[in-house]
Amino acid sequence: MFHETEFRFLQSSLQKLHLSVTRLTPQAEFDIPLDLGIRRFLGREDEYRHVFYTLPFQMEGNTIYKVTDAFLCNYLFLRLPEKEPTAVLIGPYMSAQLSREQLLQEAELHSIPPALFRQLETFYGSVPVIADDTFLLAVVNTYAETLWGGSDTYSVVDLTGDLSSPAPLSLRSESPSPDQTLLDMQTMERRYAYENEMLKAVSQGLRHKAGAMLSNMSQFAIEQRVADPVRNLKNYCIIMNSLLRKAAEQGGVHPLYIDTVSSDFARRIELIASTRAATQLMEEMMNDYCRLVKKHSLARYSAPVRKALACIDADLAGDLSLSALAAMQNISSGYLSTLFKKEVGQTLTDYVNSRRIEQAVHLLRSGTLQVQTVAQYCGIPDVNYFSKLFKRYTGVSPKEFRRTLTHRGEKET
């Protein structure tokens, strides 16, 4: 194929937006309908064939067509400069999420009876939402420049409206047909696959990817289990909190860290008072669990080292000696010492001391506790030894550190 490498790049780039990029020929057959099954659902098979098997090959060359159909779905079409008739289809995607009221209007427009409203809702839940298509158009324009040899060698045509019969066809039955049931199954499979990919991103701490996937999810991808939209989103937040908790655990985060975050979100979920607040909290959950994985993932460590690290972070004021941490796991001190140095890159004692001094810096910054009290909270009851250790790691004594903070505050005031 002409420019095969560029086509693969186009596919891989737009997959990040969860957009389908399909190569069309007049004879091509596809397992999943190119419009995600909406025309088959409405009994518009002839229109489907016209839009995806005839129209692309009647369009002009050296042209990018942006098409918005009667179902508010966007597509990009362009003919490839090849001997055999070949076109590229990008989409479908929507520019904005539909409210429930707008979805009801769509149902009325297309004469969809109440018994089949759930299928329509499922369809719109499976269409990616791209509110800002700047990145999409930049990628497609770059691809077009490569195909046709420059930015002044092609044009962009924006089409709006249905591409075939304007009058909706009557549905044959108010009971779901086998095709409609298949559409429902395929949409559900896509939703589950999308969620699994999003959770995988969280388990790897990929906040940008997970956040982008969440923002591209249509609200109708969330199953409508109760009539109250706020309660429905609350329920989904509860499910998301559980799934994200498991994703973080799969990412190697100890339950000790996960439980604190999960419990806090469980409390905040019940305080949700609007759909906007629910959406914002879901975004915050996604970000916080990704950060948790980035900060506390222990997946690269062996089990003895993971347990030692978790115990250290759990209680810096406790007995964190090498012998105590080894005895807790019924292993020898020498074995744990060797393993810890090999995997962490420093001795267990040095690691414990550095973590305790980090805690001391935090306490000295954030309060007016006496130095002796700070030392005790950091697991070093001997204040003289604490001061020497603090100076070794920071270059100043605890009192000098606090004076520096005081002088800085006075100057800022």
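Before any of the text, the structure's been laid out above.
Residues numbered from 1 in each chain as written. Predicted model: local features only at pLDDT ≥ 70, side-chain atom pairs only at ≥ 80, totals over all residues. Heavy atoms only, no water.

**Some remarks on the overall build of the protein chain**
Then comes step 1: Counting its regular elements, the protein chain contains 18 helices and five strands.
Then comes step 2: Within the protein chain, the proportion of its 413 residues that are buried is 45%.
Then comes step 3: When contacts within the protein chain are restricted to residue pairs at least 6 apart in sequence, those whose partners lie at least 24 apart make up 68%.
Then comes step 4: As displayed, the protein chain has an accessible area near 21600 Å², and 52% of this comes from carbon and sulfur atoms. (Helix = DSSP H or I, 4+ residues; strand = E, 2+ residues; numbered from the N terminus. Buried < 20%, exposed > 50% of the residue type's maximum accessible area, 1.4 Å probe, protein only. Contact = heavy atoms within 4.5 Å. Areas by Shrake-Rupley, 256 points an atom, 1.4 Å probe, with all protein chains shown as cover.)

**Here's the deal with the pattern of salt bridges**
Then comes step 1: Per the stated rule, a full pass over the model turns up 16 salt bridges.
Then comes step 2: With a shortest N-O distance of 3.3 Å, Glu4 and Arg23 are connected by a salt bridge. Placement of Glu4 in helix H1 (residues 4–15) and of Arg23 in strand S1 (residues 21–24) is noted, with a sequence separation of 19 residues between them.
Then comes step 3: Judged by its relative accessible area of 25%, Glu4 is partly exposed.
Then comes step 4: Residue classification places Arg23 among the partly exposed positions, given a relative accessible area of 28%.
Then comes step 5: For Lys66, the salt bridge identified is with Asp133, shortest N-O distance 3.1 Å. With Lys66 in strand S2 (residues 63–68) and Asp133 in the loop between helix H5 (117–126) and helix H6 (134–148), this pair connects stretches of sequence that are 67 residues apart. Across the pair, exposure class does not vary: Lys66 and Asp133 are buried alike. (Salt bridge = Lys/Arg side-chain N within 4 Å of Asp/Glu carboxyl O.)

**Some thoughts on the packing of helix H15 (residues 348–366) against helix H17 (residues 383–394)**
Then comes step 1: At a closest axis distance of 10 Å, the pairing of H15 and H17 adopts a crossing angle of 95°. Comparing the axis directions of H15 and H17 gives the class roughly perpendicular. In this structure, H15 contributes Asp350, Asn353, Ser354, Ile357, Ala360, Val361 and Leu364 to the contact, and H17 contributes Tyr385, Phe386, Leu389, Phe390, Tyr393 and Thr394.
Then comes step 2: Looking at the contact of H15 with H17 residue by residue, the class counts come to nine nonpolar, three polar and one charged. (Axes fitted to C-alpha atoms, helices over the stretch in contact; angles between N-to-C directions. Parallel < 35°, antiparallel > 145°, perpendicular 65-115°, else oblique. Nonpolar A, V, L, I, M, F, W, Y, C, P; charged D, E, K, R; others polar.)

**Details of the packing of helix H9 (residues 229–250) against helix H11 (residues 275–296)**
Then comes step 1: The interhelical angle for the contact between H9 and H11, taken along N-to-C directions, is 5°, at an axis separation of 10 Å. Regarding the angle of H9 to H11, the classification is roughly parallel. In this structure, H9 uses Pro229, Val230, Leu233, Tyr236, Cys237, Met240, Asn241, Leu244, Arg245 and Ala248 to contact H11, whose residues at the interface are Thr275, Ala278, Met282, Met285, Met286, Tyr289 and Val293.
Then comes step 2: When its residues are assigned to classes, the contact of H9 with H11 shows 14 nonpolar, two polar and one charged.

**Describing the environment of Glu121**
Then comes step 1: Within the element layout of this structure, Glu121 appears in helix H5.
Then comes step 2: Residue class for Glu121 comes out buried when judged on its relative accessible area of 5%.
Then comes step 3: Along the chain, Glu121 and Arg100 lie 21 residues apart, while their C-alpha atoms are 8.9 Å from each other.

**Focus: H9**
One full turn of an α-helix is made of 3.6 residues, so residues set three or four places apart face in the same direction.
Then comes step 1: Look at H9: 31 Å from first C-alpha to last across 22 residues, which is about the 32 Å you get at 1.5 Å a residue.
Then comes step 2: For H9, the full list of buried residues reads Val230, Asn232, Leu233, Lys234, Tyr236, Cys237, Met240, Asn241, Leu244, Ala247 and Ala248.
Then comes step 3: Gly252, located one to two residues past H9, shows a positive phi value of around 90°. (Expected span 1.5 Å × (residues − 1).)

**A few points about the packing of aromatic side chains**
Then comes step 1: Throughout the structure, instances matching the rule amount to 10 aromatic pairs.
Then comes step 2: Pairing Phe386 with Phe390 gives two aromatic rings, centres 6.0 Å apart and planes at 50°, and the pair type is tilted. Taken as a pair, Phe386 and Phe390 lie in helix H17 at a separation of four residues, close to a single helical turn.
Then comes step 3: Three or more aromatic residues link up through ring pairs in this structure, and these residues are Tyr48, Phe52, Tyr53, Tyr75 and Phe77. (Phe/Tyr/Trp six-rings, centres within 6.5 Å; stacked < 30°, edge-to-face > 60°.)

**Observations regarding the side chain of Thr22**
Then comes step 1: Along the chain, Thr22 falls in strand S1.
Then comes step 2: Aside from chain neighbours lying at most four places away, what touches Thr22 is Phe30, Leu34, Ala87, Val88 and Leu89.

**With respect to the pairing of strand S3 (residues 74–79)**
Then comes step 1: Among the six residues that make up S3, five are buried, leaving the element largely enclosed by the rest of the structure.
Then comes step 2: Connecting S2 to the next strand, S3, in antiparallel fashion are five residues, including Leu72 with a positive phi near 70°.
Then comes step 3: The pairing of S3 with strand S4 (residues 87–93) spans five bridges and is antiparallel. Residue pairing across strands places Phe77 opposite Leu89, the latter belonging to S4. (Pairing = 2+ DSSP bridges.)

**Topic: the side chain of Arg39**
Then comes step 1: The residue Arg39 is located in helix H2 (residues 38–41) in this model.
Then comes step 2: Taking the relative accessible area as the measure of exposure, Arg39 reaches 0% and is therefore buried.
Then comes step 3: If sequence neighbours within four positions are ignored, Arg39 has contacts with Arg44, Glu45, Glu47, Tyr48, Val51, Phe52, Asp69, Phe71 and Tyr75.

**Comments concerning H11**
Then comes step 1: End to end, H11 covers 31 Å across 22 residues, agreeing with the expected 32 Å (1.5 Å per residue, within 8%).
Then comes step 2: For H11, the full list of buried residues reads Ala278, Leu281, Met282, Met285, Met286, Tyr289, Cys290, Leu292, Val293 and His296. Looking straight down H11, one finds that the buried residues subtend no more than 165° of arc, so they occupy a single side. Turned more than 90 degrees away from the buried face of H11, the exposed residues are Arg276, Lys294 and Lys295. (Arc of directions from axis to C-beta.)

**Notes on the environment of Glu82**
Then comes step 1: Assignment of secondary structure puts Glu82 in the loop between S3 and S4.
Then comes step 2: Using a relative accessible area of 27% as the deciding quantity, one classes Glu82 as partly exposed.
Then comes step 3: Here the alpha-carbon distance between Glu82 and His3, two residues 79 residues apart in the chain, equals 9.9 Å.

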